[in-house]
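# Descriptive analysis of the structure
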Amino acid sequence: MKAELESKFKEIYGKEAAATYTTPGRVNLIGEHIDYNGGLVLPCAITLGTMLSIAPNDDHVIRFSSMNFPQSYTIEVKSSYQKSGTDWYNYPLGVIECFQLRGKNITGFDFLFNGTIPIGSGLSSSAAIEVVTAYALNDYMELGFSRLDLVLLCKDVENKFMGVNSGIMDQFAVAFGESEKAILLNCDTLKFQLIDCYLGKYSLAVINTNKSRKLSESKYNERVAECQQALADLQQEITIHNLCELTGEKLALHKHLINDPTVLNRATHVVTENDRVILAAKALNERNITLFGKLMYASHESLRTLYDVSGLELDTIVDYCATFEHVIGARMTGAGFGGCAIALVETEYIEEFRTGLTAYYTEKVGYEPSVYISEVGDGAKKI
Ligand code: GLA
């Protein structure tokens, strides 16, 4: 993969790549729509990822090419950049803009990306391209930012440059992931703990609905606003800074403050999901996969009914999983509205699972899903 990317770089730019980097995608095991509410999430990096080769140029331009898209882009070096349309190069361009806003001028550079994360599948292809760009420029130019600085910079790209009000989970997971570990991240304090991702006789299956979706066009920002409304309602009587400071029990005591039933449903999902993450992290630590699996199903049900971010495709996958005796837990992962689900499937029944799910899903949805067996991979690095 690296050799292929570097040889393509030479073919396109007529010179050797100066350095090559890689960043993984991520799945979130549990704790969905929690990060922008200041609670706990439990993602892990996966072995699908995005690679990047770079080299400086003296032509006063920034050139972006990708092995995944036919179109390349050349942009004059400027002191400031703006998003233009929705094409993929806006992500690395946003990273350059955010470095410049932090006082680091980025001069001429040539970039070539190659990703294995299915685009728009909810496996953080956008966080991966942001983080790999930030990591590469920081390393190659010796800009001196820490890994956490880069995560925060990439969150700014998403929020301020791309206009999606997402939380910090994706950028954090792809930057800090470690092989065979899940990351228990407190999205308020940014303190985290690595937990052994021991799954016993189970494998982590990632099932892509293959329903195309764009986060910025989805109802994601609407959910963020509904949570802000719930918080503002509750703050009339209680002093909290984010919804996840409440437990399910505490919210029940104060729910009269929230008048809109939809907003109350959103808040109920958030606080009960946060409670579930605590239980799930403990279960994973204690290697209690049965309990972990039950919590996955409960998470999905809450996302389906209270948070309303699932849909026919994701529900069809989870429904099938619930009837297949060699699956111990399943749920949607990421923002929802399409994208991917995850399931813990007994390793020796994976092929049976794949065949059965594909037939069931295709009959209900009208096209096939994709099933990947994922390993828990490493975070951003030079290769
Ligand atoms: C997307 C966002 C994350 C997070 C998840 C939902 O992946 O980028 O910040 O909010 O949705 O948990």
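Structure: above.
The shown structure was predicted, so the numbers you read here are calculated from the model rather than taken from an experiment. Per chain, residues are indexed from 1 in the order of the written sequence. The predicted origin of the model limits local features to residues at a pLDDT of at least 70 and limits the giving and counting of side-chain atom pairs to 80 or more, whereas totals for whole chains, interfaces and linings rest on all residues. Water and hydrogen atoms play no part in the side-chain values, which are based on all heavy atoms of the structure.

In terms of regular secondary structure, the protein is built from 11 helices and 13 strands. Every radius of gyration here is taken over C-alpha atoms, with the globule rule written as 2.2 Å times N^0.38, N being the number of residues. The C-alpha atoms of the protein give a radius of gyration of 21 Å, which matches the 21 Å a tight globule of 383 residues would have. Along the first, second and third principal axes, the C-alpha atoms of the protein reach 60 × 55 × 40 Å. Throughout, exposure labels follow a simple rule: accessible area from a 1.4 Å probe, protein chains only, divided by the maximum for the residue type, with under 20% read as buried, over 50% as exposed, and the rest as partly exposed. Within the span of the protein, comprising 383 residues, buried residues form 58% of the whole. By definition, residues are in contact when any of their heavy atoms lie within 4.5 Å. Of the contacts made within the protein by residues no fewer than 6 positions apart, 71% connect residues no fewer than 24 positions apart. For the accessible areas, the method is Shrake-Rupley and the probe is 1.4 Å, while residue cover comes only from the protein chains on display. Carbon and sulfur atoms provide 48% of the accessible area of the protein, an area that totals close to 15,800 Å². The distance from the centre of the 34 positive side-chain charges to the centre of the 48 negative ones in the protein is 2 Å. Secondary structure elements follow DSSP: runs of H or I no shorter than four residues count as helices, runs of E no shorter than two count as strands, and numbering proceeds from the N terminus. Charge convention: Lys and Arg are scored as positive, Asp and Glu as negative, and His as well as the terminal groups of each chain are ignored. Taken as the charge centre is NZ of Lys, CZ of Arg, CG of Asp or CD of Glu, depending on the residue.

Right, let's get into the pairing of strand 3 (residues 43–56). Counting buried positions along strand 3 yields 11 of 14 residues, so the element is predominantly enclosed. At least two bridges found by DSSP between two strands is the condition for calling them paired. Pairing of strand 1 (residues 19–28) with strand 3 involves nine bridges; the strand directions are antiparallel. What sits directly across from N28, in strand 3, is P43. Relative to strand 6 (residues 109–115), strand 3 runs antiparallel, the two being bridged by seven bridges. Among the inter-strand pairings, P56 is bridged to a residue of strand 6, identified as F109.

In this section: the site of the ligand. Close contacts around the ligand come from R26, E32, H33, D35, Y36, S166, G167, M169, D170, Y220, G334 and A335, and that covers them all. Between D170 and the ligand, the recorded distance is 2.6 Å, taken from a side-chain N or O atom to an oxygen atom. The contact in question runs from an oxygen atom of the ligand to an N or O atom on the backbone of A335, over 3.4 Å. Considered on its own, the ligand offers 310 Å² of accessible surface; in the complex 97% of this is hidden by protein. When grouped by side-chain class, the residues that make up the shell around the ligand number four nonpolar, four polar and four charged. Here the bounds of each domain stem from an automatic or database domain assignment. Each of two domains, domain 1 (2–196) and domain 2 (202–374), supplies a minimum of three residues to the shell around the ligand. Here a residue is near a molecule or strand as soon as one of its heavy atoms is found within 4 Å of it. We define a polar contact as two N or O atoms separated by no more than 3.5 Å, with the added condition that, inside protein, one atom must be a possible hydrogen donor and the other a possible acceptor, whereas residues neighbouring each other in sequence contribute only through side-chain atom pairs. Classes in brief: Ala, Val, Leu, Ile, Met, Phe, Trp, Tyr, Cys and Pro nonpolar; Asp, Glu, Lys and Arg charged; the others, Gly included, polar.

Moving on, we come to the sheet that holds strand 2 (residues 40–41). Strands sit in the order 2-7-8 across an open sheet of three strands; the sheet is antiparallel. Two strands close off the open sheet at either side, each with one partner strand: strand 2 and strand 8 (192–196). The pairing of strand 2 with strand 7 (residues 181–186) spans two bridges and is antiparallel. Bridge pairing in strand 7 places L40 opposite N186. Lying on the sheet, helix 5 (residues 169–176) is in contact with strand 2, strand 7 and strand 8; it crosses strand 7 at an angle near 140°. Sitting on the sheet, helix 8 (residues 261–285) is in contact with strand 2, strand 7 and strand 8, with an inclination near 45° to strand 8. Fitted lines through C-alpha atoms serve as axes, helices being fitted only where they are in contact, and the angles separating the N-to-C directions of these axes extend from 0 to 180 degrees.

Once that is clear, we can look at the pattern of salt bridges. Counted as salt bridges are all cases of a side-chain nitrogen of Lys or Arg within 4 Å of a carboxyl oxygen of Asp or Glu. Summed over the entire model, instances satisfying the criterion amount to 23 salt bridges. Here R63 makes a salt bridge to D59, at a shortest N to O gap of 2.8 Å. Between E273 and R331 there is a salt bridge, with its nearest N and O atoms 3.9 Å apart. Linking E273 in helix 8 with R331 in strand 10 (residues 327–333), this pair joins segments that are 58 residues apart in sequence. By the burial criterion, E273 is buried, and R331 matches it.

Below, the discussion takes up the environment of V371. Checked against the element boundaries, V371 lands in strand 12 (residues 370–374). Separated by 242 residues in sequence, V371 and I129 have C-alpha atoms that sit 23 Å apart.

A few words on helix 11 (residues 350–365). For a helix, the expected span equals 1.5 Å multiplied by the number of residues minus one. Between the first and last C-alpha of helix 11 there are 21 Å, a value that for 16 residues agrees with the 22 Å anticipated at 1.5 Å per step. What helix 11 keeps buried is the set I350, F353, L357, T358, Y361 and V365. Taken end-on, helix 11 shows its buried residues confined to a sector of 125°, consistent with a single buried face. Exposed positions of helix 11 whose direction lies more than 90 degrees from the buried face are T355 and E363. Close packing links the buried residues of helix 11 with strand 9 (202–208), helix 10 (312–323), strand 10, strand 11 (340–346) and strand 12. Directly beyond the C-terminal end of helix 11, a positive phi value near 105° is found at G366. The arc in question is formed by the directions pointing from the helix axis toward the C-beta atoms.

At a minimum axis separation of 9 Å, helix 3 (residues 125–140) and helix 4 (residues 147–161) run at an interaxial angle of 130°. Judged by the angle between their axes, helix 3 and helix 4 are oblique. Our pair here, helix 3 against helix 4, has a crossing hand that is right-handed. On helix 4, the residues that touch S126, E130, V131, A134, Y135 and N138 of helix 3 are R147, L150, L153, C154, V157 and E158. Taken together, the residues of the contact of helix 3 with helix 4 break down into seven nonpolar, two polar and three charged. Geometric relationships in this document are graded by angle, where less than 35 degrees denotes roughly parallel, more than 145 denotes roughly antiparallel, 65 to 115 denotes roughly perpendicular, and other angles denote oblique. Helix crossings are classified by the rotation of the near helix relative to the far one: an anticlockwise turn of less than a right angle makes the crossing left-handed, while a clockwise turn makes it right-handed.

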